[in-house]
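An overview of the molecular structure
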Amino acid sequence: MPRRLYSCTPSRLNTWLDCRRRYRFTYLDRPQPAKGPGWAHNSVGASVHNALAAWWREPYERRTSLTAAILLTNGWITEGFRDAEQSGRHLERARDLVSGYVATLDPADEPVGVERTVATRTKVISVSGRIDRLDRRGDELVVVDYKTGKRPLTKDDARFSLALALYAVAASRVLRTPCHAVELHHLPTGEIVEWRHTDDSLRRHLERAEEIALEAAAADDAYRARAGVPAPRQGGSASKVAVGASGGADAPVPAEADPEIDRVFAPSPGPICSWCDFRRHCPEGQAAAVDRQPWEGLAE
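On a predicted model such as this, the values are computed, not experimentally measured, just so you know.

A look at helix α4 (residues 65-74)
When we look at burial in α4, the residues that qualify are Thr 67, Ala 68, Ala 69, Leu 71 and Leu 72. Its buried side turned inward, α4 meets α3 (40-57) and α5 (84-102).

Here it is, written out as structure tokens:
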């Protein structure tokens, strides 16, 4: 029998690399362990992304800075802020970000896609993801990713991003148009960080994704065996299983602490544990990093 494809998103692959325990909590355990409170910086990022996507869906004559500010205000997410005053201050900042950013855009330069889902397959993986914006520049496509974090970006952020490279590969295959350039648009500074891949560098990213997928798939199999979950069938529905698909939902959590499962899905404690949604379920993460308030990731 052929090996079933490992169905995933770039986020799933990166979660495996970052912390295997968080991977298990996110993609395998059902019911999923309870998450902590939402993060205010994620609320800002989601609000900005949603407003920019909605802006491009407006008629041409309404694609103005004022429209962007209105869309941002109407869709503002308040989760994670300390209080209404803090939320209001960051709403004002975010309004300035989106209105200033769209002022640099040509509203007539219609993107190929906004929040566009693309997918591709190899002999190992079936990978899909959603691109913030897909532009056409001349005879090629360009992957555009919005960033709202406070950390300045470098070319290495674009160069080594597995997600951006996979988006480029998938977009070129879906639309049958070359795609080598990826861009990070950092709204707080207005900086655009670009990297232009070669065919070889995109191939290396795809091969790296396959390597990660093989590791994660083997761990999924171990989890399934210990939890008594039947394997998904190649080409069949995976809605009733926990592994082998990006989002299987109904597999049980192992009845009690299982040393083998803990070994396979060992945590990766470090400073990033302060920001983990599942921190409350991970003693190693609690010991490795301090508790953070939901609003501490904001640029104040």
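Describing the pattern of salt bridges
The final tally for this structure, using the stated rule, is 27 salt bridges. Among the ionic pairs, Arg 63 bridges to Glu 110, the shortest N-O distance being 2.9 Å. Taken together, the residues Arg 63 in the loop between α3 and α4 and Glu 110 in the loop between α5 and β2 (113-121) connect sequence positions 47 residues apart. According to the relative accessible area criterion, Arg 63 is buried, its value standing at 9%. The partner of Asp 291 in a salt bridge is Arg 279, and the shortest N-O contact between them spans 2.6 Å. Remark: Arg 279 occurs in the loop between α9 (259-264) and α10 (283-288) and Asp 291 occurs in the segment after α10; sequence separation between them is 12 residues.

What to know about the environment of Ala 34
Residue placement: Ala 34 occurs in the loop between α2 (20-28) and α3. In this structure, the C-alpha to C-alpha distance between Ala 34 and Arg 279, residues 245 residues apart in sequence, is 9.9 Å. If near-sequence neighbours (up to four positions away) are discounted, Ala 34 is found in contact with Asp 277, Phe 278, Arg 280 and His 281.

Observations regarding unusual backbone geometry
The omega torsion of the bond from Arg 30 to Pro 31 falls at 5°, within 30 degrees of zero and hence cis. For Glu 115, which is not glycine, the phi dihedral falls at a positive 50°. Structurally, Glu 115 can be placed in strand β2. Unusually for a residue other than glycine, Arg 176 sits at a positive phi of about 55°.

Comments concerning the environment of Trp 275
Topologically, Trp 275 is positioned in the loop between α9 and α10. What makes Trp 275 partly exposed here is its relative accessible area of 29%. As for Trp 275 and Gln 293, which are separated by 18 residues in sequence, their C-alpha atoms are 9.3 Å apart. Those residues within four positions of Trp 275 in sequence are excluded, and the remaining contacts are Trp 39, His 41, Arg 292, Glu 296 and Gly 297.

With respect to the side chain of Asp 145
Residue placement: Asp 145 occurs in strand β4 (residues 140-147). On the basis of relative accessible area, Asp 145 is assigned to the buried category, the value being 13%. Looking at Asp 145, its side chain comes within polar contact range of the side chain of Lys 147, at 3.2 Å. Residues contacting Asp 145, with those up to four places away along its chain left out, are Asp 132, Leu 164, Glu 183, Leu 184 and His 185.

Calculation notes
- Residues numbered from 1 in each chain as written.
- Predicted model: local features only at pLDDT ≥ 70, side-chain atom pairs only at ≥ 80, totals over all residues.
- Heavy atoms only, no water.
- Buried < 20%, exposed > 50% of the residue type's maximum accessible area, 1.4 Å probe, protein only.
- Helix = DSSP H or I, 4+ residues; strand = E, 2+ residues; numbered from the N terminus.
- Contact = heavy atoms within 4.5 Å.
- Salt bridge = Lys/Arg side-chain N within 4 Å of Asp/Glu carboxyl O.
- Polar contact = N/O pair within 3.5 Å; in protein donor to acceptor, adjacent residues only side chain to side chain.

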